[in-house]
Amino acid sequence: MITVHELPFAFTEYEVFTLLMKSANPHYVKISRATTKDDCWKSYEVEKRRLNGLLKTVAILDPRNKMKLINFSFCVMYSEDEAPRQIRMVRNSLYELYKEYVDEYATANVNTTMESDVQESGVINTCTTSRIGKGKVLTGRSKFERCIRSVDRIHNVKSELDIYLGEGMFICKEECIDFDALEWWKANNLKF
């Protein structure tokens, strides 16, 4: 309430506020303005760190910047010893985010892949079939194709993120006032 409505920290010490809170929660313990101030400051710091990380990620996903902007700006902002550590932290968090996306995508598509394996095979060979899901049949060929897909996924040396970061940056012609990064990603969606 204090943050949203820009109330003074002393608001928590008002008698009517205390009565309201005790009626809403019988276990409410009155807090001081100092505690309220500390709690608000901690919330601010947590959100600041979260947004700071988000802004770094957004900067990297702009094809005009990629990691080059982070490398450049961190070398200006931090000491010679601290800059590489900070850059590594940003890179690691970017890869963690990418891994979460890949894992979520793989989990969401496991059932779809198995069903499409059955549909792609077309022929049902009773000697080499096994039951999957709700009465779906997986042929020997479908099993083989699924095996090949999983082997190919395991041996991918470069992820889409590695490919994106490894490519050169997008350089606009003249002034790039109206560049739309989202449109760029839409245009390059088959590549990444």
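For the structure itself, consult the block above.
Fair warning: this is a prediction, and the values are worked out from it, not measured in the lab.

Quick notes on the overall build of the protein
Along the backbone of the protein there are eight helices and two strands. The order of helices and strands in the protein, counted from the N terminus, is α-α-α-α-α-β-β-α-α-α. Counting across all 192 residues of the protein, residues that qualify as buried make up 22%. In the protein, the proportion of contacts linking residues at least 24 apart, taken out of those at least 6 apart, comes to 45%. Accessible surface, the protein as shown: approximately 14800 Å² in total, 59% of it carbon and sulfur.

Remarks on the side chain of lysine 56
Here lysine 56 is to be found in helix α3 (residues 33-61). One buried charged side chain, lysine 56, makes no salt bridge at all; its nearest oppositely charged neighbour is glutamate 82, positioned 9.3 Å away.

What about the nonpolar core?
Core analysis: the biggest nonpolar cluster contains 14 residues, and Ile60, Met67, Ile70, Tyr164 and Leu165 have the highest contact counts within it. Within the residue set of this core, elements represented by two or more residues are α4 (66-77), α5 (82-121) and α7 (160-166). When residues no more than four places from it in sequence are discounted, the contact partners of isoleucine 70 are Lys56, Ile60, Ile87 and Val90.

Here's the deal with α4
Compared with an ideal rise of 1.5 Å per residue, which puts 12 residues at 16 Å, α4 spans 18 Å between its outermost C-alpha atoms and is within 8% of the ideal. Of all the residues in α4, the buried ones are Lys66, Met67, Ile70, Ser73 and Phe74. The buried residues of α4 occupy an angular sector of 135° when projected down its axis, which confines them to one face. Residues of α4 that are exposed and angled more than 90 degrees away from the buried face: Lys68, Phe72, Cys75 and Val76.

Overview of α3
Helix length check: α3, at 29 residues, gives a terminal C-alpha distance of 42 Å against a target of 42 Å (1.5 Å per residue), a fit within 8%. Where α3 is concerned, the buried positions are Thr36, Glu45, Lys56, Thr57, Ala59 and Ile60.

Here is what the cut-offs are and how they apply
Residues numbered from 1 in each chain as written. Predicted model: local features only at pLDDT ≥ 70, side-chain atom pairs only at ≥ 80, totals over all residues. Heavy atoms only, no water. Helix = DSSP H or I, 4+ residues; strand = E, 2+ residues; numbered from the N terminus. Buried < 20%, exposed > 50% of the residue type's maximum accessible area, 1.4 Å probe, protein only. Contact = heavy atoms within 4.5 Å. Areas by Shrake-Rupley, 256 points an atom, 1.4 Å probe, with all protein chains shown as cover. Lys, Arg positive; Asp, Glu negative; His and termini not counted. Salt bridge = Lys/Arg side-chain N within 4 Å of Asp/Glu carboxyl O. Core = buried A, V, L, I, M, F, W, Y, C linked by side-chain atoms within 4.5 Å. Expected span 1.5 Å × (residues − 1). Arc of directions from axis to C-beta.

In short, geometric facts, not functional conclusions.
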